[in-house]
Amino acid sequence: MPEISKSYEPRDVERKWYASWLASRQFAAHAEPGREPYTIVIPPPNVTGVLTMGHVLNNTLQDILIRRARLEGHAALWLPGTDHAGIATQTVVERELRKQRKTRHDFGREKFLEQVWAWRHEKGNIILEQLRRLGASCDWDRTQFTMDPHYSRAVLTVFVELFRRGHIYRGKRMVNWCPASQTALSDEEVIMKPVNGFLYRVRYERVDAPGLFLEVKTTRPETIPGDTAIAVHPDDPRYAGWIGRKVRRPLGPPAEIPVIADTAVDREFGTGALKITPAHDKADFEIGNRHHLPAIEVITATGQMNDLAGPELAGKDRFAARKLAAELLRASGALVAEEPYANNVGYSERADVPVEPRLTWQWWLRYPRVEEAKAAVRDGHIRFHPERWSKVYLHWLENIQDWCISRQLWWGHRIPVWYRRGLDRDALTEADLRDPAKVHISLEGPADPADWVQEEDVLDTWASSWLWPFATLGWPDPAAQRAAGLDHFYPTTTLVTGPDIIFFWVARMIMAGLEFMRPGEPIERRIPFRHVYFTGIIRDAQGRKMSKSLGNSPDPLDLIERYGADGLRFGIVSIAPQGQDIRFQEDRIESGKNFCNKLWNACRFRQMSGETGDNSSLRAIFARIDPARFDADDHALLDRLLSTTREVDRQFQQFEFSAAAQQLYGFFWNDFCDWYVEGSKARLQAPDTRANCLAIQDLVLRQTLLLLHPFIPFITEELWSQLGYGPAGTFIEDARLENASQIVSASGSYGLHLDAAAITAVERLKGWVSAVRALKAEHQLASRRDVRFLVTAGDADWGILEANLAKVARMVGAAEVQRRVQVDGAPAAVTPLGTVYLDLASSVDAGAERVRLDRELEQIGRHIAATEARLANTAFVSKAPPAVLEGARRQLAEQQAKRVELERLRQALGAG
RNA sequence: GGACCCUUAGCUCAGUUGGUUAGAGCGUUUCCUUGACAUGGAAAAGGUCACUGGUUCGAGUCCAGUAGGGUCCA
């Protein structure tokens, strides 16, 4: 066996094992009858994506779950893939074209799409490559893409079906229009941002009474040419005489517009009079509809003013037009005032420009299975972690609006609708849509394509990704479903995602699953997943969201280079508490790396300490363990190993990943390395305890590697192999993780039973050791290894100390520890195992010692007073549970005993 | 305007159903290269648990309110 190197070098180890895992198809999922499945579908990253810290966290957690599932013996499937990301990808490719001073229209639809596909093939898998660097154990042979032929088939099938079932309709409605991408957006793709602008106070002159004005406040004077009315509240006394009159539009082509009454007007806002521009505002559009007002469109799809806005504004960009409109109004005297004003403006999520409400023909979806989707979460068939996100989910479903699913893009699933050639689409009624002579809707398209024209629009990207949990498993093709094991792997077990896409994705997947999977079967068979774990958002040290534009996002690949993939994984998981946003701090990644190095060196120490025995199984190791040679530390360590195993088990069930990481960190570093291994150094010298001590180390390291493997897969695989835990040619995941009761039952059959007294003895030994170290440090002797100590203690305490003397003497750097009946005038410390004295009487600084003892006495006095007060309270004594009462009494006894001892020491020093 | 979350050591955070003297990592101070590891070891300092009131024998934990911060939806 090669010797383990002095420090852990991740680079070669990671490369070697990942290649090895791939070569032996370790991550391939097999649908085996009788083996419980554990399924995760990856939230498909955009093909335009590069790995961010968010991806690192999200995918590390998924990898942790799936690797642990394999160790537990599940048929584990982690299904990877990417999303075609309509707007995002089209924008990226168009940006490239713009460098050549071209637009997609210079190429035409077909040629442009060829370019996008070329881009996708060249760059679209970068992020999946990066996930491999992180150690992601996806079943790569199953990699999916939302524009793969079979996936497209699923998407179009769903469209055709939902149309047939009456959920889809076409309507001319107000949509969120992105002038940059020139497409409609769903409400969810609009981000509200506070914007500092101006509120303009504009007056409209009454037609029948020149000189009489009505004032309106608006943030958008450029839309005045599109005004077709002024609305006031019917009960507003200020405007009682105005209703039914006409006023002159102060900008754009001259026009007289009516003053109307509508209860939707907020009397408190502005002047209480509202300009109505039905073509450019959602609320105005609704008021316009109620009053049969014309809608005059003055802004084009690209965000410029058109001729209807009048010659001065025509051709101007909407923002330039706003300034110009204000100047024109000022010049004509119609602008009464202008004041700074902060309001919320909707921005396009992708293009980051203000959206323009715009009246267009779009395809809409009435969500299916809304009530059932609520019930699935409310009744606990789907459990959210943390649970509170279910409120957000339910609230959204309560107020759900129809989904605009059409996009005026080229990159995406083209809507499978064909119109009869020559048909006036704008005149189509709902009935016409269902007339096969006029509109054809199918997967295959019409038999006589020459007579038809296909819809130009594509589907919203989310209208494909909402099928992800089953379209990736072969749906709707029965043969493909069988091959992929849909029956076995659906519903998936856990979805790991960010709360920011709870509406975009999570809620919609639930509805899609309920609508399309296993019709007629119980809800728990149709839901797409049983658990949803919501990660926090990763922020920088100042708490800001990480973003490209701020440049505050570290490059994960750079972090992998510097700290290793395992270091990065362990670091990011240990700082990611459940449900809270995460402040990224690089020093935590560094401590992840340090932890790996510690693990490495503990194994190195084991290897240097003696030949490896038979480590091939838990039972093989137990066979080497001799309970007759156990000392207190062996009992205590195995007890901690069991409780750690139990605790980690529980933490996995509760999705408390960072707590589990910290639990393992603490167990390994403190209990194993700092205490047990340090103690081993003396025991390994003694021939009679040596073999047993090594076997215990082998046992603990084995279990620790198994427990840690999901978090840090590379180093644990390497050490597993180095220490001979698996037969050659096998991997750590070929082993099974035993839980605490399995270990107990295995150990019992080798005659091992943990001794509770030994476990408390070790707690007291630890207290003794730290008291002695502190005593040395206080007297500037920390580094001396030749100090002699004297101990006064009862027989029981001395018995414990004596039995472990070689170990603890080495740990505190004592040349000698002797028992005495009485010691006077030496610096001392009261410990859980008697009083310990420094045998250096000559160098005692009596004054400092008095100060220290007085301080300790003062402290213990406070504690005693508090405990006594508690016990003196009759309400406490009569109402507290017996165990608590008993604990308090014992505590008081211990405190008093300690005070007696401290007082004795203090008196021995005399008055100062 | 509505909803949800947060406020604990210098920093970032734990603290499970209320129950000994509130913990960890980082940082700080002092000491240590003793044959796993200086990516390490030892010791120490550091907290009126945002504030006010309530429930309780007992509150960081439960309830109400106040202040500050954040997120989402209008």
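Residues numbered from 1 in each chain as written. Chains lettered and ligands numbered in written order. Predicted model: local features only at pLDDT ≥ 70, side-chain atom pairs only at ≥ 80, totals over all residues. Heavy atoms only, no water.

(A) Focus on the overall build of chain A. Helix and strand counts for chain A stand at 31 helices and 29 strands. Taken over C-alpha atoms, the radius of gyration comes to 37 Å for chain A, far larger than the 29 Å a tight globule of 912 residues would show. For chain A, the spread of C-alpha atoms along the principal axes amounts to about 115 × 70 × 60 Å. Considering chain A as a whole, with its 912 residues, one finds that 54% of them fall into the buried category. Sequence separation of at least 24 residues holds for 78% of the intrachain contacts in chain A that already meet a minimum separation of 6. For chain A, the exposed surface amounts to about 39,100 Å²; the carbon and sulfur share of it is 50%. Taken together, the 116 basic and 120 acidic charged side chains of chain A have centroids lying 1 Å from each other. (Helix = DSSP H or I, 4+ residues; strand = E, 2+ residues; numbered from the N terminus. Rg over C-alpha atoms; globule rule 2.2 N^0.38 Å. Buried < 20%, exposed > 50% of the residue type's maximum accessible area, 1.4 Å probe, protein only. Contact = heavy atoms within 4.5 Å. Areas by Shrake-Rupley, 256 points an atom, 1.4 Å probe, with all protein chains shown as cover. Lys, Arg positive; Asp, Glu negative; His and termini not counted. Charge placed at Lys NZ, Arg CZ, Asp CG, Glu CD.)

(B) Molecular detail of the packing of helix α19 (residues 586-609) against helix α22 (residues 657-683). For the pair α19 and α22, interaxial distance at closest approach is 11 Å and the crossing angle is 35°. For the pair α19 and α22, the sense of crossing is left-handed. Contacts from R588, N594, F595, K598, L599, A602 and F605 in α19 reach Q662, L664, Y665, F668, W669, F672, C673, D674, V677 and K681 in α22. Of the residues that constitute the contact of α19 with α22, the class distribution is 11 nonpolar, 2 polar and 4 charged. (Axes fitted to C-alpha atoms, helices over the stretch in contact; angles between N-to-C directions. Left-handed = near helix turned anticlockwise from the far one by under 90°. Nonpolar A, V, L, I, M, F, W, Y, C, P; charged D, E, K, R; others polar.)

(C) Region of interest: the side chain of S348. You can see S348 is positioned in strand β13 (residues 335-348). Filtering out sequence-adjacent residues up to four positions away, S348 remains in contact with C178, L185, E189, V353 and V355.

(D) Representation of the nonpolar core in the model. Counting residues in hydrophobic clusters, the biggest one holds 173 residues, and the most contacted among them are W363, F384, Y393, L467, I572, F672 and F711. Every residue in contact with I572, bar those within four places of it in the chain, is listed here: M53, V56, L57, T60, I538, F584 and I589. In this structure, W798, L801, V812 and A814 belong to the second largest nonpolar core, which totals 32 residues. (Core = buried A, V, L, I, M, F, W, Y, C linked by side-chain atoms within 4.5 Å.)

(E) Broad picture of the packing of helix α3 (residues 86-99) against helix α4 (residues 104-123). Here α3 crosses α4 at 115°, and the two axes come no closer than 10 Å. By the angle class used here, α3 and α4 are roughly perpendicular. Considering only the axes of α3 and α4, their crossing is right-handed. Together, T89, Q90, V92, V93, E94 and L97 of α3 and R104, F107, F112, Q115, V116 and W119 of α4 make up the contact between the two elements. Of the residues in the contact of α3 with α4, the class split is 7 nonpolar, 3 polar and 2 charged. (Parallel < 35°, antiparallel > 145°, perpendicular 65-115°, else oblique.)

(F) Representation of the protein's contact with RNA strand B. Taken together, 46 residues are adjacent to RNA strand B, and N597, N601, R604, W669 and K879 come closest. Here a phosphate oxygen of RNA strand B sits 2.3 Å away from a polar atom, N or O, in the side chain of W669. One of the side-chain N or O atoms of E678 is found 2.9 Å from a base nitrogen in RNA strand B. When contributions to the surface near RNA strand B are tallied by element, the ones reaching two or more residues are α19, α22, α26 (756-778), α30 (874-879) and α31 (882-909). Top element by residues in the surface near RNA strand B is α19. It accounts for 11 residues. (Near = heavy atom within 4 Å. Polar contact = N/O pair within 3.5 Å; in protein donor to acceptor, adjacent residues only side chain to side chain.)

(G) Broad picture of unusual backbone geometry. With an omega of -5°, the peptide bond between H385 and P386 qualifies as cis. Of note, P386 is situated in the loop between β15 (383-385) and α10 (389-398). Each neighbour pair has its own omega, and for W475 with P476 the value is 5°, a cis peptide bond. Relative to the assigned elements, P476 resides in the loop between α13 (468-471) and α14 (478-484).

(H) A look at the packing of aromatic side chains. The tally for this structure, following the rule as stated, stands at 40 aromatic pairs. With a centroid separation of 6.0 Å and 55° between ring planes, the pair formed by W389 and F534 is classed as tilted. Here W389, found in helix α10, pairs with F534, found in strand β23 (residues 529-534); they are 145 residues apart in sequence, far enough to count as distant. Accessibility expressed as a relative area gives 0% for F534, which makes it buried. Here W720 and Y725 contribute two aromatic rings whose centre-to-centre distance is 5.1 Å and whose plane-to-plane angle is 35°, an arrangement assigned as tilted. Judged by its relative accessible area of 2%, W720 falls in the buried class. Judged by relative accessible area, which is 1%, Y725 ranks as buried. (Phe/Tyr/Trp six-rings, centres within 6.5 Å; stacked < 30°, edge-to-face > 60°.)

(I) Representation of the pattern of salt bridges within the structure. Scanning the entire structure with this criterion turns up 70 salt bridges. Note that D839 is salt-bridged to R788, the shortest N-O span being 2.6 Å. Of the two residues, D839 is situated in the loop between β29 (834-838) and α29 (846-872) and R788 in strand β26 (residues 787-792); the sequence distance between them amounts to 51 residues. Given a relative accessible area of 27%, D839 falls into the partly exposed group. Residue classification places R788 among the partly exposed residues on the basis of a relative accessible area of 27%. Salt bridges sharing common partners tie together E161, R164, R165, R369, E372, E515 and R526. (Salt bridge = Lys/Arg side-chain N within 4 Å of Asp/Glu carboxyl O.)

(J) Geometry of the pairing of strand β9 (residues 229-232). On β9, burial covers both faces: A229 and A231 on one face and I230 and V232 on the other are all buried. Of the pairings in the sheet, the one linking β9 to strand β12 (residues 273-276) comprises 4 bridges and is antiparallel in character. Each bridged residue has a counterpart across the sheet, and for I230 the counterpart in β12 is K275. In this sheet, strand β11 (residues 256-261) lies alongside β9 in parallel orientation, the contact comprising 3 bridges. Counted as the bridge partner of A231 is I260 from β11. (Pairing = 2+ DSSP bridges.)

(K) Structural detail: the sheet that holds strand β18 (residues 417-420). Read from one edge to the other, the open sheet built from 3 strands follows the order β19-β18-β20, with strand pairing classed as antiparallel. A single partner strand is all that each edge strand has here, and the edge strands are β19 (439-441) and β20 (452-454). On average, each strand axis in the sheet is inclined to that of its neighbour by 30°, with strand direction left out of account. Sheet topology places β18 next to β19; 3 bridges connect them, and they run antiparallel. From the neighbouring strand, V417 faces β19, where its bridge partner is I441.

(L) Inspection of the sheet that holds strand β16 (residues 403-404) at higher detail. Strands sit in the order β6-β5-β14-β16 across an open sheet of 4 strands; the sheet is antiparallel. Each having just a single partner strand, β6 (183-185) and β16 make up the two edges of the open sheet.

(M) Inspection of α26 at higher detail. When the terminal C-alpha atoms of α26 are compared, their 34 Å separation across 23 residues agrees well with the 33 Å that a helix rising 1.5 Å per residue should span. Looking only at α26, the buried set comprises A758, I759, A761, V762, L765, W768, V769, A771, V772, L775 and K776. A distance of 2.9 Å separates the backbone nitrogen of A757 from a side-chain oxygen at the start of α26, and that oxygen is part of D755. Residue Q780 follows α26 closely and has a positive phi angle near 55°. (Expected span 1.5 Å × (residues − 1).)

(N) Quick peek at the side chain of H709. Along the chain, the position of H709 falls in the loop between α23 (687-708) and α24 (713-722). Residue H709 is classed as buried on the basis of its relative accessible area, which comes to 0%. Those residues in contact with H709 that lie beyond four places of it in its chain are R67, L71, T716, E717, I732 and E733.

(O) Highlighting the confidence of the model for chain A. Looking at chain A as a whole, the pLDDT averages 88, with 99% of positions reaching at least 70. With a pTM of 0.90, the predicted complex shows an ipTM of 0.95. (pLDDT = per-residue confidence, 0-100.)

(P) Here's a closer look at helix α18 (residues 556-574). Helix length check: α18, at 19 residues, gives a terminal C-alpha distance of 16 Å against a target of 27 Å (1.5 Å per residue), a shortfall beyond 12%. The largest bend along α18 measures about 105° and falls at Y563. Most of α18 sits inside the fold, with 16 of its 19 residues counted as buried. The backbone nitrogen of L557 has a side-chain oxygen 3.0 Å away, supplied by the residue at the start of α18, namely D555. (Bend = angle between axes of the 7 residues up to and from the residue.)

(Q) The environment of S465, seen in detail. Note on placement: S465 falls in helix α12 (residues 462-465). C-alpha separation for the pair S465 and Q454, spaced 11 residues apart in sequence, amounts to 23 Å. Contact partners of S465, with chain neighbours within four places excluded, come to D83, Y151, W505 and M509.

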